[in-house]
Every structure is written in C-alpha cells, then in structure tokens.
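# Structural characterization, general
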Amino acid sequence: MKNATVFLARRITKVTSPVSTLRYYCSNPSPSSPSRKNRLFVGGLSWSVDEKSLKDAFSSYGEVTGVYDKDSGRSRGFGFVDFSKEDDARCAKDAMDGKALLGRPLRISFALEKVRGGPVVVPRLT
DNA sequence: AATGAGCGT
C-alpha cells in the first residue's frame, strides 16, 4: 500500500520505421490501448462518497485518487484507483464492479489514458 | 444548486 502514484510511466520507444518523406512528428507510433490496465475508473458513486469511503473499499487493492472536483471541491460522482499490478486491478474490478456502495451500484471500468500535458493523439494523417 | 452517464491531477 505504499506504491507511489505514477502519472508518467511512458517509456522511450525506439522508432524503427523507415524514414518517410512526409511528417516526422514524434507521436507515439503504437496505437496503445485506450485504457490503462493499471488504473480503474470507478463511477456510479453516490454524491456523498468521499475518498475515504472509496479507499476503504479499494485500499486493499490499490490507491484511490480523483474523487473530488478541483473546481468545486465536491464529489464528482466518480473516482480513480491506481494499482501496482494489472492483476490487482482485474481482481478489484471483478470483485467490486456492480457492487453497491452507500446504496449505489458501482460502475467500474478501466480508466482512459488522460494525463496532463499528455501527447496529442494524432489520427493518421497520411 | 442539482445532477446519475461518464473518464482526472
């Protein structure tokens, strides 16, 4: 339970594509799965759910983040949970998805890849 | 303030 929250886990990918006569933007060639397996999106939360409640439910599996809204400080009704291992994420999802928390059924799915200052996904320009 | 599918720092 001491794993640090990691937002930037991108590794340098070696570009082995032949030099094209067109663009040379440094976007990630790999399409990448739209969802990170190490992070879960937890929705369906009651408005009154706090981080503690979510932690209480997921602390056994990983870390809980992003429950509150930065703007209003209120609950957004969803949160995120970081895991060290995909297996833990899978386990937690399989174990908690659809379960009720504070009278409201949880909607758990793999989180999308959203990082502040993240690379802009450029669809194929050709 | 109230909102009920969604995807954040």
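These notes cover the structure that comes with them. This is a predicted model, so every value here is computed, not measured.

## Comments concerning helix α1 (residues 51-58)
Those residues of α1 not exposed but buried are Ser53, Leu54, Ala57 and Phe58. Projected onto a plane normal to the axis of α1, the buried residues spread over an arc of 120 degrees and lie on a single side. Turned more than 90 degrees away from the buried face of α1, the exposed residues are Lys52 and Asp56. Packing partners of the buried residues in α1 comprise β1 (35-43), β2 (63-65), β3 (79-82), α2 (86-96), β4 (100-101) and β6 (107-112).

## Some points on the sheet that holds β3
Spatially, the four strands line up as an open sheet ordered β2-β3-β1-β6, and their pairing is antiparallel. The sheet terminates laterally at β2 and β6, the two strands that pair on one side only. Sheet twist, expressed as the average angle between the axes of neighbouring strands with direction ignored, equals 35 degrees. In this structure, β2 lies alongside β3, joined through three bridges in antiparallel fashion. Paired with Thr65 across the bridge in β3 is Phe80. Of the strands in this sheet, β1, β2, β3 and β6 are in contact with α1, which crosses β2 at around 155 degrees. On top of the sheet, α2 reaches β1 and β6; it is set at about 25 degrees to β1, its chief contact.

Conventions adopted
Residues numbered from 1 in each chain as written. Chains lettered and ligands numbered in written order. Predicted model: local features only at pLDDT ≥ 70, side-chain atom pairs only at ≥ 80, totals over all residues. Heavy atoms only, no water. Buried < 20%, exposed > 50% of the residue type's maximum accessible area, 1.4 Å probe, protein only. Helix = DSSP H or I, 4+ residues; strand = E, 2+ residues; numbered from the N terminus. Arc of directions from axis to C-beta. Contact = heavy atoms within 4.5 Å. Pairing = 2+ DSSP bridges. Axes fitted to C-alpha atoms, helices over the stretch in contact; angles between N-to-C directions.

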